[in-house]
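Chain residues, written in single-letter form:
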Amino acid sequence: MSEGTTPEDPMTRLLHRLVTDAARDRPVPAFALLHRETDAHLDVLVGDVVDVDRLADIPLDGEEVLALVPFRQLRERGFTARDDGAPLRCLVVRERERVPVDLAVALLPATPPAVADLAVDVADDAYAEVVRRVIDDEIGRGEGANFVIRREFTGSTAATPAHAVLAWMRELLEHEHGAYWTFAVHTPGLSAVGATPERHVSSIGGVVAMNPISGTFRHAAGGASADDLVAFLGDVKEREELVMVVDEELKMMSAVCPDGGRMRGPFLKRMSRLTHTEYLLEGTTGLDPREVLRRTMFAPTVTGSPMGNACTVIARHEPTGRGYYAGVLARFTPAPASPSGYDLDAPILIRTAYLDDAGRVRVPVGATLVRHSDPAGEVAETHAKAAGVLGAIGAIPRSDASGTPIGALAAGATDDPRATALLADRNRTLAAFWSTPQRARQPREVSALVIDAGDDFTTMLAHQLRHLGLDARVVPWHEAPVVASDELVVFGPGPGDPRNSTDPRIARLRELVAARLEQRRPMLAVCLSHQLLAHLAGLPLEPLPAPRQGLQLHVDVFGEPAAVGFYNTFTAVAPDRSITPELGLEVAADPSTGAIIALRGASVASIQGHLESVLSPDGLALLERLVEGVLAPAPLVWSGR
Ligand SMILES: C=C(O[C@@H]1C=C(C(=O)O)C=C[C@H]1O)C(=O)O
Ligand SMILES: NC(=O)CC[C@H](N)C(=O)O
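All values derive from a computational prediction rather than experimental measurement.

The rules we used
- Residues numbered from 1 in each chain as written.
- Chains lettered and ligands numbered in written order.
- Predicted model: local features only at pLDDT ≥ 70, side-chain atom pairs only at ≥ 80, totals over all residues.
- Heavy atoms only, no water.
- Buried < 20%, exposed > 50% of the residue type's maximum accessible area, 1.4 Å probe, protein only.
- Helix = DSSP H or I, 4+ residues; strand = E, 2+ residues; numbered from the N terminus.
- Arc of directions from axis to C-beta.
- Contact = heavy atoms within 4.5 Å.
- Phe/Tyr/Trp six-rings, centres within 6.5 Å; stacked < 30°, edge-to-face > 60°.
- Lys NZ or Arg CZ within 6 Å of the ring centre and 35° of its normal.
- Near = heavy atom within 4 Å.
- Polar contact = N/O pair within 3.5 Å; in protein donor to acceptor, adjacent residues only side chain to side chain.
- Areas by Shrake-Rupley, 256 points an atom, 1.4 Å probe, with all protein chains shown as cover.
- 1 Å grid on protein atoms, 1.4 Å probe; cavity = no way out; pocket = protein on both sides within 12 Å on 5 of 7 lines; lining within 4 Å.
- Sits in = over half its atoms within 2 Å of the grid points.
- Nonpolar A, V, L, I, M, F, W, Y, C, P; charged D, E, K, R; others polar.
- pLDDT = per-residue confidence, 0-100.
- Pairing = 2+ DSSP bridges.
- Points joined across faces, edges and corners; volume = space filled by probe spheres on them.
- Domains from an automatic or database assignment.
- UniProt positions renumbered as here; feature names shortened; annotations may be inferred.
- Axes fitted to C-alpha atoms, helices over the stretch in contact; angles between N-to-C directions.

Attention now moves to helix H5 (residues 226–233). An α-helical segment advances 3.6 residues per turn. Residues three or four places apart therefore align on the same side. When we look at burial in H5, the residues that qualify are Ala226, Leu229, Val230, Phe232 and Leu233. When H5 is viewed along its axis, its buried side chains cluster within an angular range of 160° and face the same direction. Tucked inside the fold, the buried residues of H5 contact strand E11 (213–218), helix H6 (236–256), strand E12 (262–270), strand E13 (274–284) and helix H10 (417–425).

Below, the discussion takes up the packing of aromatic side chains. For the structure shown, the criterion picks out five aromatic pairs. Geometrically, the ring pair formed by Phe71 and Phe298 is stacked, given 6.0 Å between the ring centres and 20° between the ring planes. Of this pair, Phe71 sits in the loop between strand E3 (65–69) and strand E4 (88–100) while Phe298 sits in the loop between helix H7 (289–295) and strand E14 (304–305), placing them 227 residues apart in sequence. Each member of the pair, Phe71 together with Phe298, is buried. Between Tyr324 and Tyr354, the ring centres sit 6.3 Å apart and the planes meet at 25°, which makes this aromatic pair stacked. Remark: Tyr354 occurs in strand E17 (residues 352–355) and Tyr324 occurs in the loop between helix H8 (307–317) and strand E15 (328–334); sequence separation between them is 30 residues. Here the basic side chain of Lys251 rests over the ring of Phe457, its NZ or CZ set 3.9 Å away from the ring centre.

Gly494, Gly496, Cys527, Thr569 and Phe570 are the nearest of the 14 residues found near ligand 2. One of the backbone N or O atoms of Gly494 is found 2.9 Å from an oxygen atom in ligand 2. A distance of 2.8 Å separates an oxygen atom of ligand 2 from a polar atom in the backbone of Phe570. With the chains in place, 97% of the 290 Å² that ligand 2 exposes on its own is no longer accessible. Judged by the proximity of its atoms to the pocket grid, ligand 2 belongs to the largest cavity. For the shell around ligand 2, the secondary-structure elements that each account for two or more residues are helix H13 (528–536) and strand E24 (560–572). If you tally residues by element for the shell around ligand 2, the top one is E24, at four residues. Looking at the shell around ligand 2 residue by residue, the class counts come to six nonpolar, eight polar and no charged.

Quick look at the confidence of the model for the protein now. When pLDDT is averaged along the protein, the result is 95; 98% of the residues meet or exceed 70. Note on the complex model: pTM 0.96, ipTM 0.98.

Here the focus is the environment of Leu190. Along the chain, the position of Leu190 falls in strand E8 (residues 190–196). Its relative accessible area of 14% is what places Leu190 among the buried residues. When the C-alpha positions of Leu190 and Ala162 are compared, they lie 9.8 Å apart, and in sequence the two are 28 residues distant.

Turning next to the pairing of E17. Residues Thr352 and Tyr354 point to one face of E17 and Ala353 and Leu355 to the other, with burial holding for every one of them. In terms of strand pairing, E8 meets E17 through four bridges, oriented antiparallel. Following the sheet pairing, Ser191 is matched in E17 by Leu355. Bridge analysis of E17 against strand E18 (residues 360–369) gives two bridges, and the strand direction is antiparallel. Its bridge partner lying in E18, Leu355 is registered against Val361. In sequence, E17 turns back onto E18 through a hairpin of four residues, with Gly359 there showing a positive phi of about 85°.

All right, on to empty space enclosed by the protein then. In the structure shown here, the tally under the stated rule is six cavities of 30 Å³ or more. Contributing to the lining of the largest cavity are 24 residues, with Gly142, Gly494, Pro495, Gln549 and Tyr567 lying nearest its centre. For the lining of the largest cavity, the secondary-structure elements that each account for two or more residues are H6, H13 and E24. Across the lining of the largest cavity, the residue classes tally to ten nonpolar, ten polar and four charged. Composition of the lining of the largest cavity by domain shows at least three residues from each of domain 2 (215–278 + 399–429) and domain 3 (431–631). If you add up the space inside the second largest cavity, you get close to 160 Å³. Around the second largest cavity, the lining comprises 20 residues; the ones closest to its centre are Thr301, Ile350, Arg351, Gly366 and Lys385.

For the rest of this paragraph, the subject is the domain arrangement of the protein. A common way to state how big an interface is: give the accessible area lost once the parts meet. Splitting the protein by domain gives domain 1 (13–118 + 152–206 + 286–363), domain 2 (215–278 + 399–429) and domain 3 (431–631). Between the C-alpha centres of domain 1 and domain 3 the distance comes to 41 Å.

Let us look at the UniProt feature "domain: Glutamine amidotransferase" (unreviewed entry) in the protein. UniProt's entry tags residues 449–625 with the feature "domain: Glutamine amidotransferase" (unreviewed entry), counted in the numbering of this structure. Helix makes up 24% of residues 449–625 and strand 35%, with an end-to-end C-alpha separation of 18 Å.

Below, the discussion takes up the site of ligand 1. Around ligand 1, the surrounding shell holds 18 residues, and the nearest of these are Glu198, Thr216, Tyr325, Arg351 and Thr368. Between ligand 1 and Glu198 there is a distance of 2.4 Å, counted from an oxygen atom to a side-chain nitrogen or oxygen. A distance of 3.0 Å is found between an oxygen atom of ligand 1 and a backbone nitrogen or oxygen belonging to Ile213. In isolation ligand 1 offers 390 Å² of accessible surface; the protein chains occlude 100% of this area.

The mixed open sheet is built from seven strands, whose spatial order is E20-E19-E21-E22-E27-E26-E25. Of all the strands in the sheet, the pair left with one neighbour each is strand E20 (471–476) and strand E25 (586–589). In this sheet, neighbouring strand axes are inclined to one another by 15° on average, regardless of whether the strands run parallel or antiparallel. With six bridges connecting them, strand E19 (residues 447–452) and E20 associate as parallel partners. Looking at E20, one finds that Asp452 is bridged to Pro476. Along the sheet face, helix H12 (residues 504–519) touches E19, strand E21 (488–491), strand E22 (523–526) and strand E27 (604–607) and points at about 150° away from the line of E21.

Structural data, given as structure tokens:
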């Protein structure tokens, strides 16, 4: 125990009591210790535990609340998750204390209980096999662009949970860097300690922020140099991975912020054994913070994209429920000026060890799998990500025989001019729309119905349509009317094989597209819907030689060159055609492969790429052109040329 404090010290009374009671095996109340990046203090919270069913039930009655939100909670959004029974647990705070970090470190138990019997549920070679399967059977079949599959390190300890998490918290405070939150939580039967790099979402005074982090640079055991960092920053896979999760989180921002989201970055997030790349997204909302959380469950960086289908893919490839992994810790603090009188700060539950009353320890971890993932590389990445917390709980060594910390990044590497130039260069090819304020233009009294086919890119499309002055709303495919009165119907993208008409979603979407064509009223079809339109127009559909999931291409759209983001595995093809066999639509195709980029006719347009994506710098202008084309009273674009 520290020399500088006494039990009577008013500044540390609460923490002192927790530490002493835990050490003497006396009953310890439910508590949380939270340290936020850049804060010189740490918060000690003690309170009552209440388990609730739904996010909306989190009791915001004037007290501060810290909620542990399990992964299965995303069933509230209608998505798939194994029901492992992990409760949505709230700590309603009754007592609190702010302790300077150095004082807290001095007070916390100095000898961490070691974890024994380190094992892993999915062995390295089995995980490598999962990586291959996800690339072939999921990305290769159009199920999505990226997926995070978890494995779990396990171990055991003889220490009581309260004492263990206090001691491990000290280790993390002393030895892990760059964490967004370092925390310990202790409740009956469920304790956790971790150092998570990533904010899922915060809503402070109505300003919503998300922090997509993806791209992982593993520092070599003997240390990493600036050259190594530069090589990592030049890696295409790592770069694409980050952009994909930015797209997915912009979908969420567009769903909760009427002004969309603006991105800042990219930045580097340097931790003890690895460095990540990240962006920050910001927008404003009037929503209750519980609703902000509900609409953003959960980050694509720990699930995949499109997010809803990623949850189905996770359930297919993970043997057990996720517990709290990829869920969040959600801290609701009273704030009279904020929506519903509360602010929210919610870091993602990763890089965390869970401990139960039987002394079982679990450290779940995952990696983002994309089309050119290397199985061995992803296995190594899971080890590197788990290493920070495994080192803190004494399950693996933190330093080598000479006492040198394992895997340190050379001082100054992150300021290397080559590294900063590579980072700055990344935005050059991205859409400026998403990094500037997105004020709406003059309203035009044109209503647009956007049909969601299982990919929330529709929220970004709707946001861009509103920006263009249209009155846009999004409905899910199963609620969309066959005859819509709206001036414009936009059929959205979605996962799956467009040829699979036994899938009720795909069959229904095809029906809706056909019905709108029949009415000869303005429509725009995007990606999956574009493929269905192309098929109705008599063109064959086939898998691309290699999936183009999360890729920018320079294409020619009816004579205008454009850089556009693509997220497709399949394509319609039109060898040597300029007009479709049915419907007589004009074709824009890749001249070398015949892969269709876009189609248009009177009141109809479609596009294989995602104009709304951050990967589409020319997206908004092209969207405007296509929309003007289909809304034009006389066939402006297609006059039988
Ligand atoms: C999935 C995890 O981490 C996430 C995945 C990352 C990646 O794949 O590069 C980086 C940071 C986190 O968003 C984990 O730690 O378990
Ligand atoms: N984003 C999409 O709509 C993708 C369409 C289809 N699932 C494909 O992979 O080709």
